[in-house]
Amino acid sequence: MDTVVVVGASLAGLRCCEALRRRGYSGKLVLVGEEAHKPYDRPPLSKQVLCGEWEPARTEFRRKEGYAPLALELQLGRRALALHAQARRVVLDDGKELAYDGLVIATGARARTLRGSEALSGVFTLRTLDDALQLRVALLQQPRVVVVGAGFIGLEVASACRKLDVAVTVVESMALPLDNPLGSAVGQAVQRLHEAHGVSFRLGVGVAALEGHGRVEHVRLSDGTAVPADVVVVGIGVTPNTAWLEGSGVAVGDGVLCDPTLATSVPGVVAAGDVVRWENPLFGESMRVEHWSNAVEQGQAAAARLLAGPTGGEPFSSLPYFWSDQYDLKLQFAGRVRADDELVLVEGTLADRNYVALYGRAGKLRGVLASNRPQQLLRYRKLLSEQASFDAALNAARPSAGP
Ligand SMILES: Cc1cc2nc3c(=O)[nH]c(=O)nc-3n(C[C@H](O)[C@H](O)[C@H](O)COP(=O)(O)OP(=O)(O)OC[C@H]3O[C@@H](n4cnc5c(N)ncnc54)[C@H](O)[C@@H]3O)c2cc1C
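Residues numbered from 1 in each chain as written. Predicted model: local features only at pLDDT ≥ 70, side-chain atom pairs only at ≥ 80, totals over all residues. Heavy atoms only, no water.

## Notes on the nonpolar core
Grouped together as the largest cluster of nonpolar side chains are 47 residues, with contacts concentrated most on Val-5, Leu-83, Val-90, Leu-103, Ile-105 and Leu-358. Taken together, domain 1 (3-110 + 238-307) and domain 3 (328-401) each give at least three residues to this core, which thus spans both. If near-sequence neighbours (up to four positions away) are discounted, Leu-358 is found in contact with Glu-342, Leu-343, Val-344, Val-346, Leu-365, Gly-367, Val-368, Tyr-380, Phe-390, Ala-393 and Leu-394. Leu-45, Leu-50, Leu-164 and Ala-189 belong to the second largest nonpolar core, which has 46 residues in total. (Core = buried A, V, L, I, M, F, W, Y, C linked by side-chain atoms within 4.5 Å. Buried < 20%, exposed > 50% of the residue type's maximum accessible area, 1.4 Å probe, protein only. Domains from an automatic or database assignment. Contact = heavy atoms within 4.5 Å.)

## A short note on unusual backbone geometry
Look at Tyr-327: it is not a glycine, yet its phi comes out positive at around 55 degrees. Topologically, Tyr-327 is positioned in the loop between strand E22 (321-326) and strand E23 (329-335). Look at Tyr-327 and you get buried, because its relative accessible area is 13%. The backbone of Ala-362 sits at a positive phi, close to 50 degrees, despite the residue not being glycine. Within the fold, Ala-362 resides in the loop between strand E25 (354-361) and strand E26 (364-371). (Helix = DSSP H or I, 4+ residues; strand = E, 2+ residues; numbered from the N terminus.)

## So, the state of the cysteines
Structurally, a disulfide amounts to a covalent bond that connects the sulfur atoms of two cysteines. Throughout the structure, instances matching the rule amount to 0 disulfides. No disulfide involves Cys-17; its nearest neighbouring cysteine sulfur is the one of Cys-16, lying 5.9 Å away. Summary of cysteine pairing: Cys-258 is not part of a disulfide, and the nearest cysteine sulfur, belonging to Cys-16, is at 12 Å. Residue Cys-258 is classed as buried on the basis of its relative accessible area, which comes to 13%. (Disulfide = S-S within 2.5 Å.)

## As for the packing of aromatic side chains
This structure, assessed with the given rule, holds 6 aromatic pairs. Pairing Phe-152 with Phe-322 gives two aromatic rings, centres 4.5 Å apart and planes at 65 degrees, and the pair type is edge-to-face. Of the two residues, Phe-152 is situated in helix H4 (residues 152-163) and Phe-322 in strand E22; the sequence distance between them amounts to 170 residues. An angle of 70 degrees between the planes, with centres 6.0 Å apart, marks the rings of Trp-292 and Trp-323 as edge-to-face. With Trp-292 in helix H7 (residues 292-307) and Trp-323 in strand E22, the pair connects residues that are 31 residues apart, well separated along the chain. Overall, Trp-323 belongs to the partly exposed group, its relative accessible area being 24%. Following the ring pairs from residue to residue traces out a cluster consisting of Phe-152, Phe-322, Phe-333 and Tyr-359. One Lys or Arg, Arg-62, reaches over the ring of Tyr-67 and ends 5.8 Å from the middle of that ring. Directly above the ring of Tyr-321 sits Arg-381, whose terminal nitrogen or CZ lies 4.3 Å from the centroid. (Phe/Tyr/Trp six-rings, centres within 6.5 Å; stacked < 30°, edge-to-face > 60°. Lys NZ or Arg CZ within 6 Å of the ring centre and 35° of its normal.)

## Here we look at the sheet that holds strand E3 (residues 73-76)
The strand order across the open sheet built from 5 strands is E3-E2-E1-E7-E19, with neighbouring strands paired in parallel fashion. Unpaired on one side and paired on the other, E3 and strand E19 (269-271) mark the two borders of the sheet. On average, adjacent strands in this sheet sit at an angle of 15 degrees to one another, irrespective of strand direction. For strand E1 (residues 3-7) and strand E2 (residues 28-33), the ladder comprises 5 bridges, and the chain directions are parallel. Counted as the bridge partner of Val-7 is Val-32 from E2. Helix-sheet contacts for helix H1 (residues 11-22) involve E1, E2 and strand E7 (102-105), and the interaxial angle to E2 is about 175 degrees. (Pairing = 2+ DSSP bridges. Axes fitted to C-alpha atoms, helices over the stretch in contact; angles between N-to-C directions.)

## Observations regarding the site of the ligand
Of all residues adjacent to the ligand, which total 32 residues, the nearest are Glu-35, Arg-42, Lys-47, Arg-127 and Asp-274. For the ligand, an oxygen atom lies 3.3 Å from a polar atom in the backbone of Leu-11. In this structure, Ala-12 approaches the ligand through a main-chain N or O atom, which is 2.9 Å from an oxygen atom. Protein contacts shield 95% of the accessible area of the ligand, which totals 1000 Å² for the unbound molecule. Those elements that place two or more of their residues in the shell around the ligand are H1, H7 and E22. Counted by class, the shell around the ligand contains 14 nonpolar, 9 polar and 9 charged residues. (Near = heavy atom within 4 Å. Polar contact = N/O pair within 3.5 Å; in protein donor to acceptor, adjacent residues only side chain to side chain. Areas by Shrake-Rupley, 256 points an atom, 1.4 Å probe, with all protein chains shown as cover. Nonpolar A, V, L, I, M, F, W, Y, C, P; charged D, E, K, R; others polar.)

## So, the domain arrangement of the protein
Assigned domains of the protein: these are domain 1 (3-110 + 238-307), domain 2 (113-234) and domain 3 (328-401). One C-alpha centre belongs to domain 1, the other to domain 2; they are set 30 Å apart. Contacts between domain 1 and domain 2 engage 17 residues on the former and 16 residues on the latter. Summed over the three residues of domain 1 that lose the most area to domain 2, namely Ser-46, Leu-50 and Cys-51, the buried surface amounts to 39% of that side. (Buried area = accessible area lost by both parts, 1.4 Å probe.)

Written as structure tokens, this is what we have:
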């Protein structure tokens, strides 16, 4: 292979470039990204950057070592518009075409928006560094904030608002925050924590419309009531960035559809990160994972897959893992759970937010949640990777659970 093009200059794309070089690939390597910034880390955006605890520059990857050792051609501020798979060319938004022998799709995902909100100022999503910096400027005006969506991003934004002493209401159509997927007991505990820090909740009610004259003034809820808002942060999930692949022959469907080795339906094209939907052998199911560690691991695996040639490659088997920081709470979760999984508290108590909970279904251990107990997660992760039975996991747990 003489030329590899990686589209998506973020976590998965960069880790893929690093792995290609580590594995001895010495040909031309082009990394294309539509953002003007050098690749940076997203988790601090909703945490340290929003709170002003970190300078934005601290999020940049490879700050110390720089890009020279990778011998990369960095094409930043350039969006890939189309893929001509037969000719093995990527078309960029400046009209240039990049020829490749191997292509890596690492275009991630973008934040979903609320329909009808485009015309109003004061409405934000949080996916990019620019989003975070604009939102931070708005928060410094001490606005009344409404966060739509009580998932991880929404709750981290609420936590940042309270750290900045900004009034915040969280609106969520489910009955509890994080109810799906972590279960109602965990959702209640998280709600209590936020309420103790002064967050208001409107739960079990949807958003009918954002209202205002040029600027958002109210969030109209589906029960007819209105919540006053100067700033609205929409945290209702993401959409994989696959539009540029339309007509290319690369199969898509809620992500780029890959085989278990991360190869796409088109020869010479692999994919990595939030954009990938693949059959995870560890769970025997098709999934798309929107977590940091998955982007790292898949970036590395996609490099190996590309170098293995048309028929080589190992199945990419992975245990989804993520963390979330809210106030002094560190939640860490590993596994794959559903709302109806059985939850057993095996260490600590929900009340003091210091606990380990196991999730089981059909006799198998499916997930582990550690709240402020980072050390404990490791051994349960091992059990999850070994596909341990739920009973074996419960037996392995220390009998120190409390209500
Ligand atoms: C605010 C925030 C907080 C988070 N916190 C956590 C956390 O605490 N824990 C955790 O596990 N995970 C967290 N995540 C998720 C984690 O950051 C993502 O899983 C990770 O960034 C995925 O990396 P990626 O490289 O696959 O995709 P992305 O990071 O989405 O990068 C894709 C890149 O491709 C670019 N791109 C898209 N289309 C094109 C195109 N056509 N041409 C050129 N470039 C294109 C995009 O602009 C982007 O720069 C968080 C995410 C956000 C946004």
